[in-house]
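# Architecture at a glance
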Amino acid sequence: MSGDSSKDSSDKEYVRLVSSDGFEYSILRSAAAVSGTLRGMLSQSSNFVEAKQNRVVLPNISGVLLEKVCEYLYYNLKHQNNPGNIPEFDVPPEMALELLVASDFLDV
């Protein structure tokens, strides 16, 4: 029975983000929490289905864009307590506008 408990805690450590075209990305819950929108949806105190399933479907974000969003969530998590010299996050020019819209929606 203790094996089930560790599996449950491991399952809760990661969340799945699903793009509009069906790509799924498993990321750490702490990385997802960088986004105010995802943090609210995944909060255990909320009654959102996303919190119960540890899965968030993002119907307005493509797989390519969601991959870059996940990269940024980890980048932000890595550098959040480092006030020093933070390297620039690379954004391809052709993706800039879509990333801006996605970042606004996700509150990052």
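Definitions and limits used
- Residues numbered from 1 in each chain as written.
- Predicted model: local features only at pLDDT ≥ 70, side-chain atom pairs only at ≥ 80, totals over all residues.
- Heavy atoms only, no water.
- Pairing = 2+ DSSP bridges.
- Helix = DSSP H or I, 4+ residues; strand = E, 2+ residues; numbered from the N terminus.
- Axes fitted to C-alpha atoms, helices over the stretch in contact; angles between N-to-C directions.
- Core = buried A, V, L, I, M, F, W, Y, C linked by side-chain atoms within 4.5 Å.
- Buried < 20%, exposed > 50% of the residue type's maximum accessible area, 1.4 Å probe, protein only.
- Contact = heavy atoms within 4.5 Å.
- Salt bridge = Lys/Arg side-chain N within 4 Å of Asp/Glu carboxyl O.

On the basis of which strands lie adjacent, the open sheet formed by three strands has the order S2-S1-S3 and mixed pairing. Across the chains shown, the open sheet's two edge strands, defined by having one partner strand only, are strand S2 (24-28) and strand S3 (55-57). Direction aside, neighbouring strands of the sheet carry axes that sit 25 degrees apart on average. Here five bridges tie strand S1 (residues 14-18) to S2, and the two strands are oriented antiparallel to one another. Within S2, the position partnered with Arg-16 by the bridge is Ser-26.

Before going further, it helps to examine the nonpolar core. Core analysis: the largest hydrophobic core is formed by 22 residues, its most contacted members being Leu-17, Ile-27, Leu-38 and Leu-66. Listing elements by their share of this core, those giving two or more residues are S1, S2, helix H2 (29-32), helix H3 (36-42), helix H5 (63-79) and helix H6 (96-106). With five residues, the single largest contributor to this core is H5. Excluding residues within four positions of it along the chain, Ile-27 makes contact with Glu-13, Tyr-14, Val-15, Leu-17, Ala-32, Cys-70, Leu-73 and Tyr-74.

Turning to the pattern of salt bridges, a few remarks are in order. Pairing between side chains of opposite charge can happen when their charged atoms approach one another. Under the criterion given, the structure shown has three salt bridges. Arg-55 is the salt-bridge partner of Glu-24, the closest N and O atoms lying 3.5 Å from each other. Of this pair, Glu-24 sits in strand S2 while Arg-55 sits in strand S3, and the two are 31 residues apart along the sequence. Classification of Glu-24 as partly exposed rests on a relative accessible area of 39%. Its relative accessible area of 25% is what places Arg-55 among the partly exposed residues. A salt bridge links Glu-71 to Lys-68; the shortest N-O distance between them is 3.3 Å. One end of the pair, Glu-71, and the other, Lys-68, are both in helix H5, three residues apart, so they sit about a helical turn from each other.

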